[in-house]
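Letter by letter, the chains look like this.
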Amino acid sequence: MDLRSTLNLPDPNFTIPMKADLPHLEPIIQAEWEAAGIYHVIQKSRANAPTFVLHDGPPYTNSPIHIGTALNKILKDFVLKSRTMMGFRVPYVPGFDTHGLPIEQAVTKKFQEKKITPTGTELRKACRDHVAEFIGVQTAQFKRLGVFGLWERPYETLDFKFEAEIVRVFRKLVEQGFVYRGLRPTLWSPTLKTALADTEIVYQDHVSKAIYVRFPLLEDPNRILDKYDSVFTIIWTTTPWTIPSNLAVAFHPDFDYAVVGVGLDHYIVALGLLEKVANALGWEHYEVKETFLGINFEGMKFRHPIFDRPSIAVHAEYVTIEDGTGVVHTAPSHGRDDFFTGQKYGLPVPNTVNEGGVLTEEAGEFAGLYYKQCDTVVVDRLRELGMLLSVADYSHSYPHAERDGNPVIFRATEQWFVSIDHDFLRTRMLDEITKVDWIPKAGQSRIEAMVRYRPDWCVSRQRAWGVGIPVFYGKESNEPVLDPVAINAVADLVEVFGSDVWFERTPEEILPLGYTHPVTGETEFRKETDTLDVWFDSGSTSLIVLDEKVHQEWVEEGLVWPADLYLEGSDQHRGWFNTSLILGTALKGGAPYKQVLTHGFVTDSEGRKMSKRLGNVVDPVAASAQYGADILRYWVASVDYTTDMPCSDALLKQLGEGYRTVRNTLRFLLGNLGGFDPALHAARNVMPLDEWVCEQVDLLVSEAVQNYQAYNFGGVIGAIHNFCAKELSKFYLDAIKDRMYCAADDSDERRSGQVACHYVLVSLIKLLAPILVHTAEETWKRVPGVSRETIHAQVFGVPSEARLAEIEASDLQVLFATLKGVRDEVFIRFEAWKSEGHVKDSQDATVKLTVDVDVHRWLSQIEAYDLANLFKMSWVELHLGNFNAEFAVSTYLKCERSRLRRPDVEEVEVDGAMIPLSKRDRAVIGV
């Protein structure tokens with residue numbers, strides 16, 4: 001007799017393969033999803049359920065996705081799928097950011113490579129074509145990651161209807177008085193030739209030339225310095241290029257200032273900084289002649305260190321005694337504080353630096369110099385004139401443009417702004433922030449600081465690719481037209497022809513027939529040439545996508561405002577979260593989100609930023625092709641995404657081992673279900689061990705779903721992995737293997753194990769489905785007795801509070817906790833005994849186990865045969881007393897069929913041969 005053929009071994013054709021081959025398998029599953037319309041199937045299954053809305057932050061469509069984009073979309077997909085399986089209707093309209101500098105740069109580079117200078121129309125058309133290409137590319141890539149959504153109808157900010165709504169958002173701000181045009185100091189990129197908002201700035205280490213410059217006293221109207229000859233004040237600055245623009249020197253009215261004698265000269269510096277200044281300038285012998293409060297210096301005139309003009313002494317509260325001299329060089333054209341101080345004192349705002357960072361004629365002898373050249377030329381001129389006291393390299397954090405990584409400057413220009421303090425907007429925003437659940441909590445203080453101290457929002461950009469600012473100017477008066485009627489005329493045309501219509505048509509072709517300027521009465525106009533900040537586009541998205549009164553495109557999706565969740569990188573506190581909050585609070589009276597979840601950035605395994613130059617980039621598309629998207633998703637679930645997180649090929653391979661642990665557990669559970677029909681067999685009596693494992697999986701489900709609710713995906717996958725590795729592989733599955741393989745096919749003990757395996761398997765697949773989307777679908781298709789509808793339309797089946805309380809009070813919890821505790825100690829002692837060479841396999845040993853009365857009371861409830869299986873021993877003898885484990889080589893015969901040594905194993909005749917078989921095995925094969 002072929003005894004192996006009598007075993008209930010797993011059918012390899014029934015269970016999932018050991019080798020996943022995800023790169024081959026996943027596209028097949030995705031093609032099935034595509035054919036079935038998986039997103040719509042899921043939405044239909046939740047038609048009457050309460051909604052949970054995650055509003056998508058749109059990625060730029062300037063290139064294929066990178067690992068950071070993949071991380072973000074996968075995290076969002078975890079939320080979408082887990083909330084769906086909690087029973088919610090979870091619509092997901094993906095978004096694409098299609099205007100702005102990143103796209104214009106990518107397209108401009110293509111023209112430059114061809115040595116072509118495009119017209120505005122040609123550039124905009126090329127941008128549209130570029131966007132269309134990469135929307136297709138990114139959509140395919142997001143789908144390859146297993147992300148479900150309304151991919152056939154995403155929101156695209158260049159959609160004509162969408163562009164028109166952006167114009168209407170601008171109109172609403174105008175109507176409520178938030179929009180103004182003004183001369184203001186803005187962050188300016190000389191390389192990109194455009195104004196930038198604070199949201200587009202990153203701070204990086206930078207080395208500047210720090211100079212100490214003296215300004216000779218010209219006039220002292222209060223005559224407090226008449227007694228001194230050769231009087232100067234000293235400023236310290238790290239921007240030599242702004243010296244030609246200097247118009248004032250600022251003193252703090254409440255600080256003490258010293259008149260310091262150095263040789264024949266006298267210098268005015270803050271008393272609190274005197275020692276530091278003296279050390280920096282090498283003053284070995286100096287004397288404080290007298291001190292004055294800063295209030296006494298207002299109105300004095302000092303001579304500009306280069307030009308023959310005065311630099312007046314002004315008061316400013318922002319002057320500090322942390323650095324410098326306590327006297328601040330003031331150039332109203334090139335600093336926020338400088339500008340507003342200049343406005344207070346009626347100082348002009350000369351245009352000394354043009355859009356490309358080149359000094360103009362108003363900079364006198366320095367006209368034509370690029371501003372960085374002034375580190376040499378201006379410094380040399382100051383030295384030549386005897387006004388330079390010191391120059392040194394100075395390392396500090398300095399603002400750079402996020403888009404090209406180059407330093408920016410402050411430059412006062414005419415721009416369009418959204419006022420942050422109009423109608424108490426700043427105060428209302430700060431109040432709204434407290435109503436939002438920020439995850440992690442540190443996000444709240446971060447955005448509070450940014451809102452509390454942010455300047456007005458500069459929304460104009462000197463770019464070609466974007467939605468034109470819909471403002472006309474009187475041709476003669478240059479007075480802007482902030483009229484809702486005129487802006488609506490623009491919006492109506494944009495809705496039909498797209499934003500290009502603003503650039504291609506004349507004012508007369510846009511405005512209503514006979515339109516006159518509401519202020520000046522003019523009938524001839526010119527158009528604004530600037531475009532709206534791309535953050536205005538994205539900041540408007542909640543007002544457009546989530547409001548059914550505004551955009552009918554997605555009404556049937558069940559979207560609602562405000563969104564339940566925004567989920568983006570932590571840099572968006574200054575970006576999308578910020579601008580969305582501004583527009584939501586201004587126009588709808590509140591924050592557009594109830595929760596905001598942020599993640600860190602992806603680094604290499606050494607914590608370095610990924611770059612092609614370093615060769616440390618992980619391409620998510622290539623990783624999916626090599627390892628499978630489920631491995632990439634396993635990585636996302638495994639890392640602490642709230643901080644910067646490492647990713648590398650080595651790490652993905654390592655996580656592949658964790659994936660295999662989970663997969664092999666699913667495979668074993670499924671393999672035990674051959675011939676099992678839940679409808680026929682689930683009513684059998686369930687053995688204590690099987691009942692216990694069902695209780696354990698219920699506890700796991702409760703824990704995992706709580707972690708899903710808290711967006712703790714690491715807690716989910718960690719708990720599942722530990723359950724598979726410890727509770728199942730190392731204990732439960734090992735303990736039931738004998739009866740699952742060797743008991744009679746339809747025996748109570750085997751059916752009991754199948755009931756438990758089925759229950760555990762179904763629960764595990766559901767818990768894994770939001771993370772391992774393809775593996776869960778692959779396994780679900782093979783599970784007997786479950787709905788053939790996709791796993792992603794199922795619900796978790798969270799145990800009730802009553803069920804959890806029942807488990808908590810269950811004797812089985814105490815029984816198996818006691819058993820496992822004793823078992824662990826026995827295993828430790830057995831390994832030591834085995835190492836002495838007695839046996840190689842625990843099944844060849846017996847143990848005389850002595851335990852105290854409490855432990856004995858629990859373990860004695862377990863049948864002797866089962867106890868031997870649980871301890872993986874030939875036999876276990878229980879005795880009362882102090883804990884001890886005495887091992888001996890088993891004298892029992894080994895069953896030829898089950899490979900176990902048991903007391904009831906006897907040699908019997910089978911097909912003319914004498915072979916050892918246990919009582920159970922003899923019965924099964926009919927001997």
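Here the structure is a predicted model, which is why all the values come from computation and not from measurement.

## As for the overall build of the chain
In step 1: The helix and strand inventory of the chain stands at 30 helices and 31 strands.
In step 2: Computed over its C-alpha atoms, the radius of gyration of the chain comes to 38 Å, more than 25% above the 30 Å expected for a compact globule of 927 residues.
In step 3: The principal-axis extents of the C-alpha atoms in the chain amount to approximately 125 × 80 × 55 Å.
In step 4: Relative to all contacts within the chain whose residues are 6 or more apart in sequence, the contacts with residues 24 or more apart total 78%.

## Things to note about the sheet that holds strand β27 (residues 845-851)
In step 1: Spatially, the 3 strands line up as an open sheet ordered β28-β27-β29, and their pairing is mixed. At either end of the open sheet lies a strand with only one pairing partner, and these are β28 (875-880) and β29 (884-889). Adjacent strand axes in the sheet meet at a mean angle of 20°, parallel and antiparallel pairs treated alike.
In step 2: Sheet topology places β27 next to β28; 6 bridges connect them, and they run parallel. Opposite Lys848, over in β28, you have Glu877 as the bridge partner.

## What about the nonpolar core?
Generally speaking, soluble globular proteins have nonpolar side chains that are buried together.
In step 1: Counting 211 residues, the largest nonpolar core has Trp457, Phe536, Tyr593, Trp635, Tyr732 and Leu764 as its most contacted members.
In step 2: Top contributing element to this core by residue count: helix α23 (residues 713-742), with 16 residues.
In step 3: Once residues within four sequence positions are removed from consideration, Trp457 is found in contact with Ala197, Trp416, Phe417, Val418, Ile420, Asp533, Trp535, Phe536, Thr579, Ile582 and Leu583.

## Quick notes on the sheet that holds strand β17 (residues 457-458)
In step 1: Here 4 strands make up an open sheet; going across it, the order is β4-β3-β15-β17 and the pairing antiparallel. Each edge of the open sheet is held by one strand with a lone partner, namely β4 (194-196) and β17.
In step 2: In the packing of helix α8 (residues 336-344) onto the sheet, the strands contacted are β3 (179-189) and β15 (409-418), and the crossing angle to β3 comes to about 140°.

## Topic: the environment of Arg574
In step 1: You can see Arg574 is positioned in the loop between β23 (563-569) and α17 (576-588).
In step 2: Measuring from C-alpha to C-alpha, the distance between Arg574 and Arg454 comes to 9.5 Å, with 120 residues separating the pair along the chain.
In step 3: Within the structure, Arg574 has its side chain in polar contact with the backbone oxygen of Ile201 (distance 3.0 Å).

## Re the pairing of strand β31 (residues 913-917)
In step 1: As defined by bridge partners, strand β30 (residues 906-910) adjoins β31 across 5 bridges and the pair is classed as antiparallel. In the sheet register, Glu907 faces β31, and the bridge partner there is Pro916.
In step 2: Hairpin connection from β30 to β31: 2 residues lie between these consecutive antiparallel strands, with Asp911 at a positive phi of about 50°.

## Some details on empty space enclosed by the protein
In step 1: Applying the stated criterion to the full structure yields 4 cavities of 30 Å³ or more.
In step 2: There is about 140 Å³ of room inside the largest cavity.
In step 3: For the largest cavity, the lining is made up of 17 residues, of which Gly100, Leu101, Glu200, Arg461 and Val534 are closest to its centre.
In step 4: For the lining of the largest cavity, the elements supplying multiple residues, two or more each, are α4 (101-113), β4, β22 (531-532) and α15 (534-539).
In step 5: Split into classes, the residues belonging to the lining of the largest cavity amount to 8 nonpolar, 3 polar and 6 charged.
In step 6: Computed from the structure, the second largest cavity encloses a volume of approximately 120 Å³.
In step 7: Lining the second largest cavity, in full, are Tyr39, Ile42, Gln43, Asp77, Leu80, Lys81, Thr84, Val90, Tyr92, Phe148, Gly149 and His792.
In step 8: Of all the secondary-structure elements, those providing two or more residues to the lining of the second largest cavity are α2 (38-45) and α3 (67-85).
In step 9: Considering each element in turn, the lining of the second largest cavity owes the most residues, 4 residues, to α3.

Rules and cut-offs
Residues numbered from 1 in each chain as written. Predicted model: local features only at pLDDT ≥ 70, side-chain atom pairs only at ≥ 80, totals over all residues. Heavy atoms only, no water. Helix = DSSP H or I, 4+ residues; strand = E, 2+ residues; numbered from the N terminus. Rg over C-alpha atoms; globule rule 2.2 N^0.38 Å. Contact = heavy atoms within 4.5 Å. Pairing = 2+ DSSP bridges. Axes fitted to C-alpha atoms, helices over the stretch in contact; angles between N-to-C directions. Core = buried A, V, L, I, M, F, W, Y, C linked by side-chain atoms within 4.5 Å. Buried < 20%, exposed > 50% of the residue type's maximum accessible area, 1.4 Å probe, protein only. Polar contact = N/O pair within 3.5 Å; in protein donor to acceptor, adjacent residues only side chain to side chain. 1 Å grid on protein atoms, 1.4 Å probe; cavity = no way out; pocket = protein on both sides within 12 Å on 5 of 7 lines; lining within 4 Å. Points joined across faces, edges and corners; volume = space filled by probe spheres on them. Nonpolar A, V, L, I, M, F, W, Y, C, P; charged D, E, K, R; others polar.

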